[in-house]
Amino acid sequence: MIDIIIGALATFGALFVLFAAIGLIRMPDTYLRISVTTKAATLGVGLVLMATTVYFSNADVTSQAFVIILFIFLTAPVSAHLIGRASYFIGIKLWDKSVMDDLRGKYQKNTHVLKSIVDDTPEDNIDHTRNETNEEDFH
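Residues numbered from 1 in each chain as written. Predicted model: local features only at pLDDT ≥ 70, side-chain atom pairs only at ≥ 80, totals over all residues. Heavy atoms only, no water.

(A) Up close: the confidence of the model for the protein chain. Overall, the prediction assigns the protein chain a mean pLDDT of 83, with 83% of residues at 70 or greater. Between residues 131–139, whose pLDDT stays under 50, and residues either more than four places distant or in other chains, the model counts 10 contacts. (pLDDT = per-residue confidence, 0-100. Contact = heavy atoms within 4.5 Å.)

(B) Summary view of a nonpolar patch on the surface. Together, Phe12, Leu15, Leu18, Phe19 and Ile22 line one region of the surface with nonpolar side chains, adding up to about 450 Å² of accessible area. Relative to the elements of secondary structure, Phe12 occurs in helix H1 (residues 2–26). (Patch = residues over 30% accessible without salt bridge, like charges linked within 9 Å, V, L, I, M, F, W, Y side chains within 5 Å. Areas by Shrake-Rupley, 256 points an atom, 1.4 Å probe, with all protein chains shown as cover. Salt bridge = Lys/Arg side-chain N within 4 Å of Asp/Glu carboxyl O. Helix = DSSP H or I, 4+ residues; strand = E, 2+ residues; numbered from the N terminus.)

(C) Representation of the environment of Ser35 within the structure. Relative to the helices and strands, Ser35 is located in helix H2 (residues 30–56). Residue Ser35 is classed as partly exposed on the basis of its relative accessible area, which comes to 28%. Separated by 42 residues in the primary sequence, Ser35 and Pro77 have C-alpha atoms spaced 8.8 Å apart. (Buried < 20%, exposed > 50% of the residue type's maximum accessible area, 1.4 Å probe, protein only.)

(D) Molecular detail of the environment of Lys39. Following the sequence through the fold, Lys39 ends up in helix H2. Along the chain, Lys39 and Phe19 lie 20 residues apart, while their C-alpha atoms are 9.9 Å from each other.

Right, dumping it as structure tokens:
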């Protein structure tokens, strides 16, 4: 019975890591790639580590695995958020079919100020809706 549990946890963990890899290739823009890989890879690694705790059934291995799982569950979303935020701020374009840009008009590229309301100085804001590449946005 333990072998079945270990096999199921390891298989589902490997499948989620595979889904993360496929999502990295299939998603059309940086922001969707970050979302898919963070969620699927975090769950996949967590399940594989759970399989190791069941396999070894040792207090030392179990405690170390739980600390690693906790660390990954705390740091992966934060790092993904920071990477996405930095990508947005340097001007990485959203996917053409994106429906909503929640930060449109709220980030000033010259002062690096992010406001919670739309700023009325559009010449200072990053506009991700343009399809053409503007070289000055990347400097």
